[in-house]
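Each chain is listed here by its residues.
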Amino acid sequence: MSFLPVKEQLTVIKRGTTEIVPEEELIEKIKKSRTENRPLKIKLGVDPTRPDLHLGHSVILRKLRQFQDLGHEAILIIGGFTATIGDPSGQNKARPPLSAEEVQKNAETYVNQAWKILDKSKTTIVNNNDWLGPIKFMDVIRLASNLTVARMIERDDFSKRYQNNEPISLHEFLYPLAQGQDSVHLKSDVELGGTDQKFNLLVGRDLQKANGQKPQVCLMMPLLVGTDGTMKMSKSYDNYIGIDEPANEMYGKSLSIPDEQIYPYFELVTDLPVEDLPALKKKAQQDPRNTKHELAFTITRMYHGDQAAKDARKHFEKTVIQKDIPDDAPILEFKEGTEHRLMDIISDAGLTSSNGETKRMMKQGGVSVDDKKIKDPNFSITFAAGDQLNLKVGKRNFAILKAG
RNA sequence: GGGGGGAUACCAAAGUGGCCAACUGGGGCAGACUGUAAAUCUGUUGUCGUAAGACUUCGCAGGUUCGAAUCCUGCUCCCCCCA
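Residues numbered from 1 in each chain as written. Chains lettered and ligands numbered in written order. Predicted model: local features only at pLDDT ≥ 70, side-chain atom pairs only at ≥ 80, totals over all residues. Heavy atoms only, no water.

Novice: Explain the overall build of chain A to me, please; I cannot follow it from the model alone.
Specialist: Within chain A, the regular secondary structure consists of 17 helices and 13 strands. Counting only C-alpha atoms, chain A reaches 85 × 50 × 35 Å along its principal axes. Expressed as a percentage of the 404 residues in chain A, the buried residues total 46%. In chain A, of all internal contacts separated by at least 6 residues, the share reaching a separation of at least 24 is 71%. About 20200 Å² of surface is accessible on chain A, with carbon and sulfur atoms providing 50% of the total. Treating the 57 positive side-chain charges of chain A as one cloud and the 57 negative ones as another, the clouds have centres 3 Å apart. (Helix = DSSP H or I, 4+ residues; strand = E, 2+ residues; numbered from the N terminus. Buried < 20%, exposed > 50% of the residue type's maximum accessible area, 1.4 Å probe, protein only. Contact = heavy atoms within 4.5 Å. Areas by Shrake-Rupley, 256 points an atom, 1.4 Å probe, with all protein chains shown as cover. Lys, Arg positive; Asp, Glu negative; His and termini not counted. Charge placed at Lys NZ, Arg CZ, Asp CG, Glu CD.)

This is the structure we're talking about:
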């Protein structure tokens, strides 16, 4: 195994990175790794609280992947122990702790999805319950002596909650200790995290120093902005693009990000080579429309392959731009000569969630049959032999009605 | 241990006996517009019903009343302050 020169490694490592603390130590570590021909231990901890991964998670996983590709050792920690505490970082509420079974189940789905990004053969997976679980209460108290109350409450997330009369449980103070202990246990060289993880990552350095280890370098990645363009991507804000989503969804959702996010997305979530980035930055400003399609294509390609991405593009052009019925619209068959109320057809097919919604949709002009808007809730169709009608409900729900 | 405040729809938040299926904002959905599933504007937003209307919903369980989200009793949960 031979490692790339320091400068080249740094170029990859610094792609999209917000902050490296401290950068000089990282350079030293890389140099040493080259002379000793020994990979660095790169640590990433994940709490499988929500098992479904989205592009926001992919930012940090991709960074870990980049380290892998540079020849370093990727260690993915499943926070079996820490998930039962709940990371307070960036939260305005205590996270609900998970049971051991939930963690186990979530961890499996998490890891399975993570293989879409990481190199499975080169990843070490560990569960921090293995070493945090057996720790004695006295050990916890000793660990806790490394932090002060003042340092805790000066944290933004805590002080805000405190000021807003929102509860902070004592156990939330202990979370960073648990995470930091992971670093001590693994003797990690670098720990990755989002910018909201800075505090936790730095605690790892403190604890390592207290244990006579060389402290880890902390590398922070920005939080990916969601499709709404303002808040960080998160399932609970419903502004996410899941890496498990169907290609069509992925393509369409990618296009819905605001123009200013085009470049950050290229930098943070795509696998396009670093050298291509400057050109893309320019293009994103000059020709946002096509560049965004290129982005949507790239993202879809990464998770579904080339052909699926091409199909998704066609699908988008057909349904959204030309407002045409897609090829894969479900077909609903009806017996010849029978009469059905359109409202019942729509509700029964599950295209809406209630009759009330169907009616509302019709009144608002959201329902059309063969491009003709149907506003009358009593509208009925009698099916004659060979009939085939295109039904559209709302922006994105289609069905083909067939007599047969 | 003592004192105070609170629980309303997806979220936030008004409502303190009938005009409340419940103001308002956010979100969602739809329409118009658009390179876009963005932005903006407009409308809409419990369930069933073509409709009239009926039914369920304001922490939980009872009660008062012709009538309760609103009053009474008990219970559960939460927050703050003082010690």
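Having put the structure on the table, let's press on.
Novice: It is not clear to me how the nonpolar core should be interpreted in this structure. Could you clarify?
Specialist: In a soluble, globular protein the nonpolar side chains are often hidden away together inside. Among the nonpolar cores identified, the biggest contains 53 residues, and Leu55, Leu61, Leu192 and Tyr265 are the most heavily contacted of them. If near-sequence neighbours (up to four positions away) are discounted, Tyr265 is found in contact with Leu55, Leu224, Val225, Gly226, Thr227, Met233, Ile241, Ile257, Thr270, Leu295 and Ile299. Listed in part, the 19 residues of the second largest apolar core include Leu342, Met361, Val367 and Val393. (Core = buried A, V, L, I, M, F, W, Y, C linked by side-chain atoms within 4.5 Å.)

Novice: What should I look at first to understand a nonpolar patch on the surface in this one?
Specialist: A grouping of Phe137, Met138 and Ile141 is seen on the molecular surface, where their side chains present a nonpolar patch of about 350 Å² in accessible area. Residue classification places Phe137 among the exposed positions, given a relative accessible area of 65%. (Patch = residues over 30% accessible without salt bridge, like charges linked within 9 Å, V, L, I, M, F, W, Y side chains within 5 Å. Salt bridge = Lys/Arg side-chain N within 4 Å of Asp/Glu carboxyl O.)

Novice: Explain helix H1 (residues 6–13) here, please?
Specialist: A turn of α-helix holds 3.6 residues, and therefore any two residues three or four places apart point the same way. Listed as buried for H1 are Val6, Gln9, Leu10 and Ile13. Down the axis of H1, the smallest arc covering the buried residues is 100 degrees, so these residues share one side. Along its buried surface, H1 packs onto strand E1 (19–21), helix H2 (23–36), helix H3 (55–69) and strand E6 (217–221). (Arc of directions from axis to C-beta.)

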